[in-house]
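Listed below, chain by chain, are the residues.
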Amino acid sequence: MMQGSCMCGAITFDVKASPTGASVCHCGQCRKMSGYAWSSARVPVTALEISGPVHWFAASAKARRGICRECGSFLFWHGTGEDSISFALGAIDGPTGMRLEKHIFTFDKGDYYDIADGVRQDS
């Protein structure tokens, strides 16, 4: 089981299933929310136990993002109608034991960096 939290500790979460889909998102929304790119993995909604005052923000009709109002940490991404939820790998306390599977929305990546780690890139 993995555990994670926001920067200030107001929000904590427990991952109660083996996560899948470790990826880095380079879309414009994730870049604006994180300042660079956002790394995450996903589990069924029922396998993520969240404690604390998550603020859910819908940047589009496709998904909502869970953030901490206190420190601004971008912790969760939940697609509309999906039965899985993504959580920030960077918010995990300790090692994740995971390896990236892919980079997504690379067509929208910033021009100030290259993706050169050899991991699959999806447009």
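It should be noted that the structure appears before, not after, this text.
Quick look at the structure, then.

Procedures and definitions
Residues numbered from 1 in each chain as written. Predicted model: local features only at pLDDT ≥ 70, side-chain atom pairs only at ≥ 80, totals over all residues. Heavy atoms only, no water. Helix = DSSP H or I, 4+ residues; strand = E, 2+ residues; numbered from the N terminus. Buried < 20%, exposed > 50% of the residue type's maximum accessible area, 1.4 Å probe, protein only. Contact = heavy atoms within 4.5 Å. Pairing = 2+ DSSP bridges. Axes fitted to C-alpha atoms, helices over the stretch in contact; angles between N-to-C directions.

Moving on, we come to the side chain of Ser 23. Along the chain, Ser 23 turns up in strand E3 (residues 20-25). Accessibility expressed as a relative area gives 6% for Ser 23, which makes it buried. Excluding residues that lie within four positions of it along the chain, Ser 23 makes contacts with Trp 38, Ser 39, Ser 40, Leu 100, Lys 102 and Ile 104.

On to the sheet that holds strand E4 (residues 38-44), then. Read from one edge of the open sheet, seven strands run E6-E7-E8-E9-E4-E3-E10, paired in mixed fashion. Where the open sheet ends on each side, the last strands, each with one partner, are strand E6 (54-60) and strand E10 (102-104). Across the sheet, the mean angle from the axis of one strand to that of its neighbour is 30°, orientation sign disregarded. As paired strands, E4 and strand E9 (residues 84-88) are joined by five bridges and run antiparallel to one another. Residue pairing for E9: Arg 42 is matched across the bridge by Ser 86.

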